[in-house]
Structure formats: structure tokens, C-alpha cells
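# Breakdown of the fold
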Protein chains: 2
Amino acid sequence: MEHQHVTALKEAGMKATPKRLAILEALNGLSCYASPEELWKQLRARFDRLGLPTVYRNLEELAESGVITKVIHPNRQLYYYFCHNRDHHHHFVCLSCRKVEDVPSCGIEAMAEVVQQQSGGRVLSHILQLNGVCGSCLRSGAPQ
Amino acid sequence: MEHQHVTALKEAGMKATPKRLAILEALNGLSCYASPEELWKQLRARFDRLGLPTVYRNLEELAESGVITKVIHPNRQLYYYFCHNRDHHHHFVCLSCRKVEDVPSCGIEAMAEVVQQQSGGRVLSHILQLNGVCGSCLRSGAPQ
DNA sequence: TCCTAAATAGAAATGAATTCGTTTTAGAAT
DNA sequence: ATTCTAAAACGAATTCATTTCTATTTAGGA
Ligand SMILES: [Zn+2]
Ligand SMILES: [Zn+2]
Ligand SMILES: [Zn+2]
Ligand SMILES: [Zn+2]
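A quick note: this is a predicted structure, and the numbers were derived from the prediction, not measured.

### Brief notes about the nonpolar core
Core analysis: the largest hydrophobic core is formed by 25 residues, its most contacted members being Leu130 of chain A together with Met111 and Leu130 of chain B. Where this core is concerned, the elements lending two or more residues are β3 (89-94), α5 (108-119) and β5 (122-133) of chain A together with β3 (89-94), α5 (108-119) and β5 (122-133) of chain B. Sequence-distant contacts of Leu130 of chain A, defined by excluding residues within four places in its chain, comprise His91, Phe92, Val93 and Val103 of chain A together with Ile108, Met111, Ala112, Val115, Val123, Ser125 and His126 of chain B.

### Points about the domain arrangement of chain A
All names here are of chain A. You can read the domains of chain A as domain 1 (1-84) and domain 2 (86-144). One C-alpha centre belongs to domain 1, the other to domain 2; they are set 21 Å apart. Each partner contributes to the interface: domain 1 provides 17 residues, whereas domain 2 provides 14 residues. Buried surface at the junction of domain 1 and domain 2, summed over both partners, amounts to about 1,100 Å²; 52% is from carbon and sulfur atoms. The largest share of the area that domain 1 buries against domain 2 comes from Tyr33, Ile72 and Cys83, three residues that together contribute 40% of it. Taken together, domain 1 and domain 2 are joined by eight residue pairs in polar contact (both at pLDDT 80 or more). Residue assignment for the side of domain 1 that touches domain 2 shows that the elements contributing at least two residues are β1 (69-71) and β2 (79-81).

### A closer look at unusual backbone geometry
Residues and elements named next belong to chain A. Phi is positive for Arg76, which is not a glycine, with a value near 65°. As for its position among the elements, Arg76 is in the loop between β1 and β2. You can call Arg76 partly exposed: its relative accessible area is 36%.

### Some words on the coordination of the zinc ion (ligand 2)
Residues and elements named next belong to chain A. Here the zinc ion (ligand 2) is held by the protein donor atoms Cys83 (SG), His89 (NE2), His91 (NE2) and Asp102 (OD), which lie 1.9 to 2.2 Å from it. For the zinc ion (ligand 2), the four donor atoms in the first shell make angles of 103 to 122° at the metal, so the coordination geometry reads as tetrahedral. All donors to the zinc ion (ligand 2) come from one chain, and their sequence spacing reads C-x5-H-x1-H-x10-D. Of this pair, His89 sits in strand β3 while Asp102 is found in strand β4 (residues 100-104), placing the two residues 13 residues apart along the sequence.

### What about the coordination of the zinc ion (ligand 3)?
Taken together, Cys94 of chain B (SG), Cys97 of chain B (SG), Cys134 of chain B (SG) and Cys137 of chain B (SG) make up the protein donors of the zinc ion (ligand 3), found 2.2 to 2.3 Å from the metal. A residue is classified by how much of its surface remains accessible, and Cys137 of chain B, at 6% relative accessible area, is buried.

### Description of the sheet that holds β5 of chain A
As summarised here, the arrangement of the six strands in space is β4(A)-β3(A)-β5(A)-β5(B)-β3(B)-β4(B), forming an open sheet in which the pairing is mixed. The open sheet has two free edges, formed respectively by β4 of chain A together with β4 (100-104) of chain B, since each of these has just one partner strand. The average undirected angle you get between the axes of adjacent strands in this sheet is 30°. Note that β3 of chain B and β4 of chain B share five bridges and pair antiparallel. Looking at the pairing, Val93 of chain B lines up with Val100 of chain B of β4 of chain B. Across the sheet, α5 of chain A lies against β5 of chain A together with β3, β4 and β5 of chain B, angled at about 130° from β4 of chain B, the strand it touches most. Here α5 of chain B sits on the sheet in contact with β3, β4 and β5 of chain A together with β5 of chain B, set at roughly 130° to β4 of chain A.

### A word on the layout of surface pockets
Here the second largest pocket is characterised by a volume of approximately 210 Å³. In terms of lining, the second largest pocket is formed by Gln4, His5, Thr7, Ala8, Glu11, Ala12, Ser65, Gly66, Val67, Phe82, His84 and Arg86 of chain A.

### Concerning the protein's contact with DNA strand D
The full set close to DNA strand D counts 22 residues, and Thr17, Lys19, Arg49 and Thr54 of chain A together with Tyr56 of chain B are the nearest of them. Within 4 Å of the protein, the atoms of DNA strand D are drawn from sugar and phosphate moieties in a proportion of 76%. Thr17 of chain A is positioned such that a nitrogen or oxygen atom in its side chain is 2.7 Å from a phosphate oxygen of DNA strand D. Residue Ala16 of chain B places a main-chain N or O atom 2.8 Å away from a phosphate oxygen belonging to DNA strand D. Of all the elements in the fold, those that place two or more residues in the surface near DNA strand D are α2 (18-28) and α4 (52-64) of chain A together with α4 (52-64) of chain B. Element by element, the count of residues in the surface near DNA strand D is highest for α4 of chain A, at four residues. For the surface near DNA strand D, the per-class residue count stands at eight nonpolar, five polar and nine charged.

Rules and cut-offs
Residues numbered from 1 in each chain as written. Chains lettered and ligands numbered in written order. Predicted model: local features only at pLDDT ≥ 70, side-chain atom pairs only at ≥ 80, totals over all residues. Heavy atoms only, no water. Core = buried A, V, L, I, M, F, W, Y, C linked by side-chain atoms within 4.5 Å. Buried < 20%, exposed > 50% of the residue type's maximum accessible area, 1.4 Å probe, protein only. Helix = DSSP H or I, 4+ residues; strand = E, 2+ residues; numbered from the N terminus. Contact = heavy atoms within 4.5 Å. Domains from an automatic or database assignment. Buried area = accessible area lost by both parts, 1.4 Å probe. Polar contact = N/O pair within 3.5 Å; in protein donor to acceptor, adjacent residues only side chain to side chain. Donors = N, O, S within 2.8 Å, 3.2 Å for Na, K, Ca; no water. Tetrahedral: all angles 85-135°; square planar, octahedral: opposite > 155°, others 65-115°. Pairing = 2+ DSSP bridges. Axes fitted to C-alpha atoms, helices over the stretch in contact; angles between N-to-C directions. 1 Å grid on protein atoms, 1.4 Å probe; cavity = no way out; pocket = protein on both sides within 12 Å on 5 of 7 lines; lining within 4 Å. Points joined across faces, edges and corners; volume = space filled by probe spheres on them. Near = heavy atom within 4 Å. Nonpolar A, V, L, I, M, F, W, Y, C, P; charged D, E, K, R; others polar.

Encoded structure:
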């Protein structure tokens, strides 16, 4: 379980440093998205020295290499999520409790084709994210 | 053409102030997204006094009321775009020249249904945006 | 014309995110 | 095991887009 993270890092061409692994493990233990500062506060206890910039840098690098996912949030802060689903899919994120659910498929390929036909443009990336309140939050009457 | 902006503002429950109208007109004259500061610099020439916070506030209110659209950008800065298409649709935004193209339709309704079935969650909003380089940028060899 | 809630000015503050020069370290090579 | 080097981490300082705050002005209805 830890070694699979080492492997994932190696495959992404990144050194498997203790702090990098700890960040991955911390994210792995959550079913919701987390902010760099939250992860930093959590991990600080396990390292005598751990800089907040290190957490920012690693999260960005991990997202860049596709190991983790960046969550787009209305408050415009950075959040990250570790999803094991390697198929192309998207996320429903709860704005109340931060839970993340997978939503399979999307019609991006067809839409990219529309752009290609329309203007000859090239789609480099896409953002498809559903925001809302998850079932358990709704049932518990949590604030939105 | 100016009066239609007055009407749009009234319908959104907003006072039709000169500065608000000027912001709308400035955005209306562009086929691409713009930042608050860019609009401020452009409009400063036409008003002896115009605060940058006023531009920020108005753009946010206009986006909130649905008159204009917010663009999600990888550099995490705020950009806005004035689109006249009132049907539900999404945007392909060029990361090079900032041009915006409409992309009709999306399968959000079906995906919202998946979320409903999966966990009983409620989808409050969604983000669907295609990022890339438009046809004319590609042909001109513009930097990405 | 008067009134009032809404809008604006503009300096100041905010704070998430990043920079930078130094120090440490992972992991390959010997 | 030891050496070496590019990558990683430190962390104080900085950045700068965005927001806050109080005083002032104004749009639009009465
Ligand atoms: Zn929830
Ligand atoms: Zn997922
Ligand atoms: Zn372009
Ligand atoms: Zn549009």
C-alpha cells in the first residue's frame, strides 16, 4: 500500500521522498478534498520540519503529473483529491462536507470535435465538475 | 443597444449606473475575456474617478446575476466574458488569444441524474469549460 | 424636490500562494 | 559502503490579486 505510492511516484518521474509519500498517504486517507494548509497542519506533527511551500509545491507537482486531482472551488482556493479511478471520469464535489463522488463519462470528445469543426481549434484540457450537496449532507440538514 | 443593457440591469434588480453600464459596454465590445484590471485601465480614461474595487464589485455582481460569465483560468485570476447566447451552453476559451467560442449542449442533466441515483445528492451548479488554442492562433503559430 | 438605500472612492488590509538563496537528501554511480 | 549531483526542502520574506472599511456620492422612487 505504501509501496504502490512509491511506484506511482517513480512512474511519474518523481523521487519518493518521505514528505512526498506522507502527503500522498494523508490525501489517500481522506474521502474528501483538502487544502494545502490543512495537510500541512496535519503532517507537521510527524516531521520536525515541514515547510508550507513544500506542501504547495508537492501538491502542484502531483497534480501536474496526474497522480492527484485539483478541485475547482467557488472560493478560489486550492484543493486536491486523491482518486484511484484511472478511467476518464469527473467529480461531484460536496460544497458542504467536501465529499467527492465519481461521475463516469462525459461527452467531451464530441464537444472537442465541435470545436475542431467550428474553428479548427485544439482542445488541450477541459474542466467538468458538478458542485452541490451530497446525499448525506442533505439528509442531515447541513448548511450549504 | 445601450438601452438593452439598462433593461438587462433592471431585470437583474440592479441600478443602471453610468459606470456599471460602461463596464458592460466595454465587455460587450470584446470577443474575448478580460480581467478586472484591464477593464479598469480602459475605462479610467472615460471617468475622472473610477476605483478598481468598483470594477471588481460590479463584475462579480453581474456574474452573480447571470448577465456576464466568469471564466475559470489556470492562472487563477478572475476573467469575465459577455455572451449573448441565452441558451444553456458552454465555452471553449483560447489560452493564447482569449477568444471565446460557444459550444452547444452538454450532458449535465444525465450526470445530475447519476448523482441523484448514486447518493441522493443535489447538483447545484456545474463547470464545463474547454481550454485550448483556437484555430486562428494555431494557424498563426502563436505561443500556447 | 426630497429621501434613502444602493453605489462608489480610495487608502489600507488581507492572505493565499510564491520566490529565493541556502541547506539537505534521494538515489544513481563508483 | 562511499561519493556525487541534481532534485527536494527550508522558511523567512515577498508578492499582488482581491477585499475590506468608512466616508461620500448618487440613482431612482415617492
Ligand atoms: Zn456532503
Ligand atoms: Zn474520481
Ligand atoms: Zn486564440
Ligand atoms: Zn457563450
